[in-house]
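Residue-level listing of the chains:
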Amino acid sequence: MTRAKSLALLGIPAAGALGGGGYGITYLINDEFTTDRAAGNVDGTAAEPGPGTRSVIGDSPAVIEISSSTLTRASTGQPFSDGRGIKWTGITRAAGVAMIATVGNAVFGRFGLTRVSSNVIEGEGGWAIGSIRQINGDFVYTPSALSHVAVVLNSSSKNNAMMLVKDNGSWVLCYITKTYVYSVLQPFLQYRGDGSPDSDYLRVAQLPAPFDTDNGIATDVHSGSVSAGATFSHEADTWIEYTVTTRPTAGQTETRFRVQDGSNYWQVTVDSSGNIDLDEVVSGTPTQRGTAAGVVSSGHRVCIVADDTTITVYSNDVQRFSYASASNFKSATAGELETLGTGGAVSNLITMPRTLSGRAATILNAFAAGQS
Amino acid sequence: MANWQAEILTEWVTDANGNRPRITDDYQLQSAVDATGQPAKNIVPAPNQCIWLIVCDEATLDAIEADSNYTVLWSEEVVLDAI
């Protein structure tokens, strides 16, 4: 059976509602699973409408099928063993090359852009499905209802990728994760457990601005070494990252954000022992709200996600703590690298919006809808 | 060594460095986060108690459980799901 996709069913506005098309999206892989294919007959078939070719991974006995325009599991009664899935044609990494798909929420599996060698998904560059986590990483986000997910690559010089999910109608930047350095990466969906891994589409494309340059969606960028006293801006709900180039030998680095004024703000500190703290400062008095001992070394990246009343702190791509009662100053948008401590150094301080808006959101909506 | 997480009752310490839970002064923890969210303007509350979620090794948790200054509300071994 062949049937057309209903954009309304996918929760995506029609082309006219997005401004009539002409977004500058160039498809490298485009698969809407249009033609029904029984389990065992999916491998080696062409993506539809294309371009791209499907390769099935480890599906024995075969249960992966395409039915009613959905990549799903045949109801054969066979156990759904771990690790099987589908990969598509390899693509060359560049800033703004992105994968987008719908994935079933009930099944525990993985998706993303990474190298697939000998039918083994190689670690970094993917997410787990269900509760979104980095592969080999830590929990980063639980959507209320998982539907459209996207991975947007930065250039090989940055060697990372932005993980986004469309949650309650908005594109949320979940995490910016490491990726493999390989120049050719493969999109994949990999399934585990006994769920039904439904997917309505998978696409890979070169996206236009603001995604086609590193930090294209950034609110503020301080490249290279950042001096004490440097100020920055961020959205109220924000992603903030920086590298502790050199840990201080005494004192601590203090990065302030959601600054209401000089006496009322939030700060993340890193001291000479590698302890990282989250402090709420009210009328000049700091109150510790979170801490992790001895986890930050020179060269580690620190990431802060401020989302409404929750502030989550990561270092070296591990979630250290998440404080859920951060109601003070949650609409403030100013930040400052207040001090570096003695001998400390910080570099590459970047802020990104937690929730995408404007052209960035429009491009991702068009990408989800298969528009060019 | 296995890691454990637990919610414990601790008191606030206030001094020239600000406010912090006593548990982080007394024990080497891997991480700790305020689970109560007492507004800063109300610190120190009466009674001076708050709940923190901590992660530590098993020996440290044993010591905290044996320490009459603290009450362990619950604890469980940290097990990461395979992905």
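Look up: the structure comes first, before these words.
Now for a description of the structure that goes with this document. (Residues numbered from 1 in each chain as written. Chains lettered and ligands numbered in written order. Predicted model: local features only at pLDDT ≥ 70, side-chain atom pairs only at ≥ 80, totals over all residues. Heavy atoms only, no water.)

Along chain A, the regular secondary structure elements total one helix and 30 strands. A buried classification covers 56% of the 372 residues belonging to chain A. A fraction of 65% describes how many contacts in chain A between residues 6 or more apart in sequence connect residues 24 or more apart. Carbon and sulfur atoms form 46% of the exposed surface of chain A, whose accessible area is close to 12,700 Å². (Helix = DSSP H or I, 4+ residues; strand = E, 2+ residues; numbered from the N terminus. Buried < 20%, exposed > 50% of the residue type's maximum accessible area, 1.4 Å probe, protein only. Contact = heavy atoms within 4.5 Å. Areas by Shrake-Rupley, 256 points an atom, 1.4 Å probe, with all protein chains shown as cover.)

In this model, the second largest pocket occupies a volume close to 530 Å³. Around the second largest pocket sit 24 residues that line it, and D277, Q288 and T291 of chain A together with R20 and T24 of chain B are the ones nearest its centre. Secondary structure elements with two or more residues in the lining of the second largest pocket: β23 (264–271), β24 (276–282) and β25 (285–292) of chain A together with β3 (18–21), α1 (22–26) and β4 (31–34) of chain B. By residue number, the principal contributor to the lining of the second largest pocket is β25 of chain A, which donates four residues. (1 Å grid on protein atoms, 1.4 Å probe; cavity = no way out; pocket = protein on both sides within 12 Å on 5 of 7 lines; lining within 4 Å. Points joined across faces, edges and corners; volume = space filled by probe spheres on them.)

A few words now on the pattern of salt bridges. A pair can form between side chains of opposite charge whenever their charged atoms are brought close. Counted according to the given criterion, the structure contains 14 salt bridges over all chains. Between D308 of chain A and K330 of chain A there is a salt bridge, and its shortest N-O distance comes to 2.9 Å. Residue D308 of chain A is found in the loop between β26 (300–307) and β27 (310–315), and its partner K330 of chain A is found in the loop between β28 (318–323) and β29 (334–339); the two are separated by 22 residues along the sequence. Classification of K330 of chain A as partly exposed rests on a relative accessible area of 34%. A salt bridge links D15 of chain B to R20 of chain B; its shortest N-O distance comes to 2.8 Å. Taken together, the salt bridges that share partners define one network made up of D31, E48 and R54 of chain A. (Salt bridge = Lys/Arg side-chain N within 4 Å of Asp/Glu carboxyl O.)

The step from E48 of chain A to P49 of chain A runs through a cis peptide bond, and the omega angle for that step is 10°. Looking at the secondary structure, you find P49 of chain A in the loop between β1 (26–31) and β2 (54–57). With omega at 15°, the peptide bond leading from I43 of chain B into V44 of chain B counts as cis. Checked against the element boundaries, V44 of chain B lands in the loop between β4 and β5 (50–57). Despite not being glycine, N168 of chain A shows a phi value in the positive range, around 55°. Residue position: N168 of chain A is located in the loop between β15 (160–167) and β16 (170–178).

This part takes up the environment of D212 of chain A. Residue and element names in this part refer to chain A. Within the secondary structure, D212 is located in the loop between β18 (202–206) and β19 (220–226). For the pair D212 and L185, spaced 27 residues apart in the sequence, the C-alpha separation amounts to 17 Å. With residues near it in sequence (within four places) discarded, D212 still touches A95, G96, Q206 and L207. Within the local environment of D212, its side chain forms a polar contact with the backbone nitrogen of A209, the two atoms lying 3.4 Å apart. (Polar contact = N/O pair within 3.5 Å; in protein donor to acceptor, adjacent residues only side chain to side chain.)

Let us look at the sheet that holds β18 of chain A. Residue and element names in this part refer to chain A. As summarised here, the arrangement of the six strands in space is β1-β18-β7-β14-β15-β16, forming an open sheet in which the pairing is antiparallel. Only two strands of the sheet have a single neighbouring strand rather than two, namely β1 and β16. Ignoring which end each strand starts from, the neighbouring axes of this sheet average 15° apart. Across eight bridges, β15 lies against β16 in antiparallel orientation. Bridge pairing in β16 links A161 to T177. Across the face of the sheet, helix α1 (residues 358–368) comes into contact with β1, β7 (97–102), β14 (148–153), β15, β16 and β18 while running at roughly 60° to β7. (Pairing = 2+ DSSP bridges. Axes fitted to C-alpha atoms, helices over the stretch in contact; angles between N-to-C directions.)

All names here are of chain B. Here four bridges tie strand β2 (residues 12–15) to β3, and the two strands are oriented antiparallel to one another. Its bridge partner lying in β3, V13 is registered against R20. Turn length for the β2-β3 hairpin, with the two strands adjacent in sequence and antiparallel, is two residues.

Taken as a whole and assessed by the stated rule, the structure comprises zero disulfides over all chains. Residue C303 of chain A stays outside any disulfide, its sulfur separated by 13 Å from that of C174 of chain A, the closest cysteine. The thiol of C56 of chain B is not disulfide-bonded; the next cysteine sulfur, from C50 of chain B, is found 16 Å away. (Disulfide = S-S within 2.5 Å.)

Structurally, the position occupied by T291 of chain A is in strand β25. Engagement of the side chain of T291 of chain A in a polar contact is seen with the side chain of D277 of chain A, the distance being 2.5 Å. Filtering out sequence-adjacent residues up to four positions away, T291 of chain A remains in contact with I276, D277 and F321 of chain A together with T24, Q30, S31 and A32 of chain B.

One pair of aromatic rings is described through two measures. These are the centre distance and the angle between the planes. Enumeration over the complete set of coordinates arrives at seven aromatic pairs over all chains. On the basis of an interplanar angle of 55° and a centroid distance of 6.2 Å, the ring pair of F33 of chain A and W88 of chain A is categorised as tilted. Here W88 of chain A lies in strand β5 (residues 84–88) and F33 of chain A lies in the loop between β1 and β2, a separation of 55 residues in the sequence. Of the two residues, F33 of chain A and W88 of chain A, neither departs from the other in class, the shared state being buried. Arranged with centres 5.9 Å apart and planes meeting at 70°, the rings of Y27 of chain B and Y70 of chain B form a pair that is edge-to-face. Note that Y27 of chain B is positioned in the loop between α1 and β4 and Y70 of chain B in the loop between α2 (58–65) and β6 (71–77), a separation of 43 residues in sequence. Accessibility assignment for this pair places Y27 of chain B and Y70 of chain B in one class, buried. (Phe/Tyr/Trp six-rings, centres within 6.5 Å; stacked < 30°, edge-to-face > 60°.)

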